Amino acid sequence: MEPNKTVQFVYNFQNYDGQPSRIEYPITLPYRGDIRELSYEVVAKQMDPIMKMLDAHEELYKHLRIFVDKENQDFFCNRDEDLLNKARNGQTDIDQLIREAEKHYKEEVIEYAEKIGPTDEDIFAQSFHRLVHSPLLPEILIKEKAYAKTISEMIVRMDKEIASLNDRQAVEMENKIEQLDVSTTSEDINNLLSQQYSTQNMIRQRWESELEARKGHQKNEYKNWIIGQVGETLCSSSTLTAVGNRSSMFVSMQTPSMEESFTIHLGSQLKHMHNIRILSADINDLCSPLHSGDESITGLNMALGLYSSSLCGIVVLTPSGSVQANSKIIKNFQMSTEFHFDEINAQIDKIQTELSKSTGSPSKHAGKLKSGDFFITRHSNLSQTHIIFHLISDEPFNSPDEINSRHPVILGLRNILKTASKHDVTVLTIPALLRHEMSEDMTVPWCIRRAELVFKCAKGFMIESATWGGAELSTLQLLLPRDISEDLFNTLVSMVPHVFRVANPKIFQDSANDSGMP
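The structure reproduced in this document is the subject of the present report.

Quick notes on the packing of helix α12 (residues 444–464) against helix α13 (residues 486–500)
It is the contact of α12 with α13, at a shortest axis distance of 10 Å, that shows an interaxial angle of 30°. In terms of orientation, α12 and α13 fall into the roughly parallel class. For α12 against α13, the interelement crossing comes out right-handed. Note on element contacts: α13 touches α12 through L488, T491, L492, M495, V496, V499 and F500, opposite V444, C447, I448, A451, E452, F455, K456, K459 and M462. Residues that form the contact of α12 with α13 fall into these classes: 12 nonpolar, 1 polar and 3 charged.

So, helix α11 (residues 408–422)
Over its 15 residues, α11 runs 21 Å from end to end, which matches the ideal 21 Å to within 8%, given 1.5 Å per residue. Within the span of α11, buried status applies to V409, I410, G412, L413, I416, L417, A420 and S421.

Things to note about the packing of aromatic side chains
For the coordinates displayed, the defined rule picks out 12 aromatic pairs. For the pair Y147 and Y222, a centre-to-centre distance of 6.3 Å together with 75° between the ring planes defines the contact as edge-to-face. Here Y147 is found in helix α6 (residues 137–178), whereas its partner Y222 is found in helix α7 (residues 186–235), with 75 residues between them in sequence. Judged by its relative accessible area of 0%, Y222 falls in the buried class. Measuring from ring centre to ring centre gives 6.3 Å for F455 and F500, while their planes differ by 45°; the resulting arrangement is tilted. With F455 in helix α12 and F500 in helix α13, this pair connects stretches of sequence that are 45 residues apart. Owing to a relative accessible area of 0%, F455 belongs among the buried residues under this scheme. Over the face of the ring belonging to Y61 we find R36, whose NZ or CZ atom lies 4.1 Å from the ring centre. Sitting over the face of the ring of W225, K143 holds its NZ or CZ atom 5.0 Å from the ring centroid.

Some remarks on the sheet that holds strand β6 (residues 374–378)
Taken together, 7 strands build an open sheet; the order of strands is β3-β4-β9-β8-β5-β7-β6 and the sheet is mixed. Edge strands, defined here as strands with exactly one partner in the open sheet, are β3 (258–266) and β6. For this sheet, the mean angle separating the axes of adjacent strands, direction not counted, is 20°. Sheet contacts for α11: β5 (311–318), β6, β7 (387–392) and β8 (425–431); angle to β7, the most-contacted strand, approximately 160°.

What counts and what doesn't
- Residues numbered from 1 in each chain as written.
- Predicted model: local features only at pLDDT ≥ 70, side-chain atom pairs only at ≥ 80, totals over all residues.
- Heavy atoms only, no water.
- Axes fitted to C-alpha atoms, helices over the stretch in contact; angles between N-to-C directions.
- Helix = DSSP H or I, 4+ residues; strand = E, 2+ residues; numbered from the N terminus.
- Parallel < 35°, antiparallel > 145°, perpendicular 65-115°, else oblique.
- Left-handed = near helix turned anticlockwise from the far one by under 90°.
- Contact = heavy atoms within 4.5 Å.
- Nonpolar A, V, L, I, M, F, W, Y, C, P; charged D, E, K, R; others polar.
- Expected span 1.5 Å × (residues − 1).
- Buried < 20%, exposed > 50% of the residue type's maximum accessible area, 1.4 Å probe, protein only.
- Phe/Tyr/Trp six-rings, centres within 6.5 Å; stacked < 30°, edge-to-face > 60°.
- Lys NZ or Arg CZ within 6 Å of the ring centre and 35° of its normal.
- Pairing = 2+ DSSP bridges.

Keep in mind these numbers describe shape, not what the thing actually does.
Printed below as a string of structure tokens:
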């Protein structure tokens with residue numbers, strides 16, 4: 001806060017009757033007001049009203065201006081000298097100066113001012129949500145698919161160029177190795193290897209730069225188009241007719257090898273209905289690129305659910321260590337532009353940064369994730385999910401082991417269900433064996449014990465979720481590996497009614513009819 005002080009302005013003058021007079025008026029420095037207005041104020045408050053009629057303020061203004069200018073200059077000189085002395089003596093509060101400078105920038109410079117009202121992201125989200133519930137939805141999907149086709153074609157060309165380069169380099173290296181100790185030395189081979197690596201890296205970076213630029217252009221163009229469509233609609237005063245309610249998010253999923261569905265009721269007093277679906281599929285089928293096929297229902301479902309209270313999530317097992325995602329899922333994600341969220345690599349980098357901050361170490365190796373932890377990424381360009389819960393588990397990469405309900409991964413599942421309930425995730429897919437692929441050491445008895453444990457724990461968590469508040473889990477998908485045998489799949493399916501207590505309909509007969517009465 002700027003210092004100030006009060007000085008007395010003394011003015012000697014002749015009154016209207018010719019008598020000498022004197023007035024004193026306090027002025028607070030630094031004075032930044034209008035001096036002429038101040039002269040009117042002094043005459044009105046300190047002099048006889050007749051002096052106002054005699055234009056006494058004109059003469060007063062001359063003296064007042066000289067006084068204020070001199071006092072202001074002395075005040076600023078003394079203030080600056082005091083600041084310099086404090087700086088020399090190490091008494092300056094740098095943090096306070098920074099806060100004051102920041103305050104002045106926010107108050108005076110519009111670029112740094114705090115924004116009031118919705119952000120650009122909020123405006124885009126609201127515009128998109130309005131349009132997807134209107135007849136313009138097919139046009140939105142067509143535009144998104146055209147963008148995705150452009151990106152996928154670029155990726156295909158990149159892969160072909162890199163593959164062709166690898167073939168040429170392999171032939172070149174093979175010829176060099178054949179001439180080893182004849183006309184080629186080991187140093188020549190090492191130099192060639194280094195040169196080939198640099199060439200590959202240069203080509204890959206060139207393509208990645210082009211892809212990033214194209215995606216950025218598409219994202220800006222798409223956002224402007226969405227906001228513009230809403231503006232045109234409002235200007236034309238036409239109404240947007242809402243489309244029908246969204247169907248089940250997973251009706252258009254790539255056909256799983258095997259599946260079975262059940263309807264259950266859970267709850268001690270108030271029963272809640274849930275859908276249980278057990279299926280055999282590859283984890284990447286549920287995270288495939290959004291517009292990779294000809295189906296239009298998938299894009300429609302994903303668009304309608306994006307800003308709704310019925311989100312879809314999936315649990316993907318991830319090894320411990322630093323924050324990382326499944327490489328196949330990352331490749332699927334990169335097949336099209338992400339219009340609504342950050343790119344997956346940017347999301348992962350941000351999570352890793354926050355994790356490092358929480359541990360108090362800026363090192364990239366700090367903030368390691370352990371079994372049972374999970375992190376979340378958000379997506380709008382995957383075919384079957386809006387949210388991926390990356391659950392840390394080293395089990396899929398080790399030999400099968402026996403676990404219990406207090407195992408960190410099981411507790412991690414509970415925390416995921418709790419998070420899903422609080423954030424409107426109503427469809428959730430979990431790995432029923434805590435594995436994404438079958439292995440030779442996963443025996444039938446082991447699979448039965450593991451599935452029974454996961455089923456019972458999931459049931460308990462779903463009953464418990466009624467006390468958490470938030471969205472109700474409408475569909476729980478139990479995902480089994482695609483390469484599971486049909487006999488084992490049927491065995492695990494038969495466990496679902498026993499664990500979740502699927503109610504069978506009861507048929508009552510009229511006793512009167514049984515007795516032969518009409």
